[in-house]
Amino acid sequence: KRLLSLGCNSPSVSPLLFTASHMAATKHPARCRVCDVPTSEIHMGFNCCRACSVFYKRTVSRDPPLRCKGGKSDCISKDPETKCRKCRFERFCSVIDECSDVKPKESNEDAENINKTTFLDHETSFAQSDVSTSETPTLEKMKMAYRLLCLIRKNGETASCSTDEFDELQRGTIKFVNATYNKLLPHCRIMSAGLVDFFAFAFEDFRNLPRIRQHSLVSSSFDILARTDSLYRSVHHFPEDDTLMPSYTTIFSLDRVEEFMIDCPPGGNKEEAGKELAKNNRRTMIPAKGNFKRLQPSPEEFVALLGLTLWREHASNSDYDITEIIKTNRDAILGELHIYYAIKGRTDYASRLGDMLCLLMNMEESEALHREDMQVYQLMDMFNEFSPYV
């Protein structure tokens, strides 16, 4: 039941991950910290009933602002089971903020090295313990592969820049360049090809698939893979504002949409597409960045998200011969996450894993919205070149 409440109906998640906390919650029923009803479930890392969890997931990405029914933003303090959506949502957000302040204990060594261990990039050392002796070999391989992917993207994107931008990036006088319409297409191609090599390095059964099937699997999840990467890097480099990183070397902000659209191909409805682009990013990417910032995935959790994104159940809908491969790899990733949390001494591993799965589910919902947005852009005769990648 708790697996379903976390939004995960996959048999690949071991019930052993949740048994202890579930038994404790059932023996001593708690109350939902949002609406105060009795509950034995945990969502987003705290006691929360399923109704409030579903409400939050459906509300967090909504664009129209909510309005308080009573007009004073105090409905839930008067009646915890209030029907006021604004007050209920704000209560949920405040509880999330409270829980975010409670962090597991770290050793002094962990605290000193936190800046060195919480982000994967091409500049991160490639020195690793022997993967064959690691307790989490799949995660270690994925971390190594991701560093190589970063290096491929950095060099490929830099080479595709204008001469002036190339010189500045090489000299180190600038770290990123402003994204434009025409820059992103070659960057998408580099990312797509790099992801195929990334997964081939990390998963032997992926490497043994026909090349056309490898590209098909990556293509079917390219949008969510690219967005997950973008948000991970955006939170690291720009934690205090809404700046996004649509590719490895480029940045984008909503107040510079006109600059992004400046080199669009002629004939499209550039002005309307720009407005739509700003609105859609405000609806999906900005809230998603807030979710990433709150959870701060570790390198191991981040690469696990990438792996779980590729090995989704629906990826086998049209190709039943890889169903077993998907299940095997999901089992491996989730099992190693369990080991990773145990090594780190996290006592909240069940709720933390639930947070990660909820984050993945929110990204999937964002992916569905983006596909709808692409149909609107194409009616404006814009972004047609990007259709193989989204």
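Residues numbered from 1 in each chain as written. Predicted model: local features only at pLDDT ≥ 70, side-chain atom pairs only at ≥ 80, totals over all residues. Heavy atoms only, no water.

**So, the overall build of the protein chain**
Heads up, the rule is: Secondary structure counts use DSSP, requiring at least four H or I residues in a row for a helix and at least two E residues in a row for a strand, with both numbered from the N terminus. Accessibility here uses a 1.4 Å probe with only protein chains present; expressed as a share of the type maximum, an area under 20% marks a residue as buried, one over 50% as exposed, and anything in between as partly exposed. In this description, accessible areas are obtained by the Shrake-Rupley approach with a 1.4 Å probe, and a residue is regarded as covered only by the protein chains that are shown.
Along its length, the protein chain carries 18 helices and six strands. Here the protein chain, with 390 residues, has 50% of them falling under the buried criterion. On the protein chain, roughly 19,200 Å² of surface is accessible, and the fraction owed to carbon and sulfur atoms is 52%.

**Points about the side chain of Ser-234**
To be explicit about the condition: In this description, contact between two residues means that some pair of their heavy atoms is separated by no more than 4.5 Å.
Here Ser-234 shows up in helix α12 (residues 222–237). Setting aside chain neighbours within four positions, we find Ser-234 in contact with Pro-239, Thr-243, Leu-244, Met-245 and Lys-289.

**A short note on the side chain of Thr-180**
Mapped onto the fold, Thr-180 is located in the loop between β5 (177–178) and α9 (181–202). With a relative accessible area of 8%, Thr-180 lands in the buried category. In this view, Thr-180 contacts Glu-259, Phe-260 and Asp-263; residues no more than four positions away in its chain are not counted.

**Side note on helix α11 (residues 211–220)**
Filter applied, for reference: Here, the arc refers to the directions that run from the helix axis to the C-beta atoms.
Buried within α11 we find Arg-213, Gln-214, Leu-217 and Val-218. For α11, the buried positions fall inside an angular range of 135° around the axis, keeping them on one side. Close packing links the buried residues of α11 with α9, α10 (204–207), α12 and α16 (299–310).

**So, the nonpolar core**
Selection criterion: We define the nonpolar core as a collection of buried residues of types Ala, Val, Leu, Ile, Met, Phe, Trp, Tyr and Cys that are connected through side-chain atoms lying within 4.5 Å of one another.
Membership of the largest hydrophobic core comes to 75 residues, with the highest contact counts inside it found for Tyr-146, Phe-206 and Phe-383. Among the elements that make up this core, the one with the highest residue count is α9 (eleven residues). Discounting chain neighbours no more than four positions away, the residues touching Phe-206 are Val-196, Phe-199, Ala-200, Gln-214, Leu-217, Val-218, Leu-310 and Trp-311. Core analysis: the next-biggest nonpolar cluster, separate from the first, contains 18 residues, Cys-32, Val-34, Cys-35 and Phe-46 among them.

**Section: the pattern of salt bridges**
Defined as follows: Note on definitions: salt bridges are taken to be side-chain nitrogens of Lys or Arg within 4 Å of carboxyl oxygens of Asp or Glu.
Tallying each qualifying case throughout the model produces 22 salt bridges. Glu-90 is paired through a salt bridge with Lys-86; the nearest N and O atoms lie 2.6 Å apart. Taken together, the positions of Glu-90 and Lys-86, both in helix α5 (residues 85–100) and four residues apart, correspond to about one turn of that helix. Accessibility expressed as a relative area gives 18% for Lys-86, which makes it buried.

**Quick word on the packing of α12 against α16**
Applicable threshold: In this analysis an axis means a line fitted to C-alpha atoms, helices contributing only their contacting stretch, and an angle means the value between N-to-C directions, from 0 to 180 degrees. The labels follow the angle: roughly parallel below 35 degrees, roughly antiparallel above 145, roughly perpendicular from 65 to 115, and oblique for the rest. A clockwise turn of the near helix away from the far one marks a right-handed crossing, whereas an anticlockwise turn of less than a right angle marks a left-handed crossing.
Across the interface, α12 lies against α16 with an axial gap of 9 Å and an inter-helix angle of 165°. The angle between the axes of α12 and α16 places the two elements in the roughly antiparallel class. The hand of the α12/α16 crossing is right-handed. Listed contacts from α16 to Ile-224, Leu-225, Thr-228, Asp-229 and Tyr-232 of α12 are Pro-299, Phe-302, Leu-305, Leu-306 and Thr-309.

**Things to note about α9**
Side chains that are three or four residues apart share a direction in an α-helix, a result of its 3.6 residues per turn. The condition is simple: Expected span of a helix, by definition, is 1.5 Å for each gap between consecutive residues, and there is one gap fewer than residues.
Over its 22 residues, α9 extends 32 Å from the first C-alpha to the last, a length consistent with the 32 Å expected when each residue adds 1.5 Å. Within α9, 16 of the 22 residues are buried, which leaves the element mostly enclosed by the surrounding structure.

**Some remarks on the environment of Gly-156**
With respect to the helices and strands, Gly-156 occurs in helix α7 (residues 137–159). C-alpha of Gly-156 to C-alpha of Met-191: the two residues are 35 residues apart in sequence and 9.3 Å apart in space.

**Describing the environment of Val-257**
Relative to the assigned elements, Val-257 resides in helix α13 (residues 257–260). For the pair formed by Val-257 and Ala-273, sequence separation is 16 residues and the distance between their alpha carbons is 9.7 Å. With sequence-adjacent residues up to four places away left out, Val-257 is seen in contact with Phe-252, Gly-274, Leu-277 and Ala-278.

**Thoughts on the packing of aromatic side chains**
As a reminder, the rule being used: Stacked, tilted and edge-to-face are the three classes applied to pairs of Phe, Tyr and Trp rings, where Trp contributes its six-membered ring and a pair requires centres within 6.5 Å; stacked means planes under 30 degrees apart, edge-to-face means over 60, and tilted covers the rest. Whether a charge sits over a ring depends on NZ of Lys or CZ of Arg being within 6 Å of the ring centre and within 35 degrees of the ring normal.
Tallied over the entire structure, the rule returns 16 aromatic pairs. On the basis of an interplanar angle of 80° and a centroid distance of 6.2 Å, the ring pair of Phe-206 and Trp-311 is categorised as edge-to-face. Highlighted residues: Phe-206 in helix α10 and Trp-311 in the loop between α16 and α17 (323–344), separated in sequence by 105 residues. In this pair, the class of Phe-206 matches that of Trp-311, namely buried. One aromatic cluster is present, built from ring pairs that chain together Phe-119, Tyr-146, Phe-198, Phe-199, Phe-203, Phe-206, Tyr-232, Phe-302 and Trp-311. Its end group placed over the ring of Phe-55, Arg-88 keeps NZ or CZ at 4.4 Å from the ring centre. One Lys or Arg, Arg-233, reaches over the ring of Tyr-248 and ends 3.8 Å from the middle of that ring.

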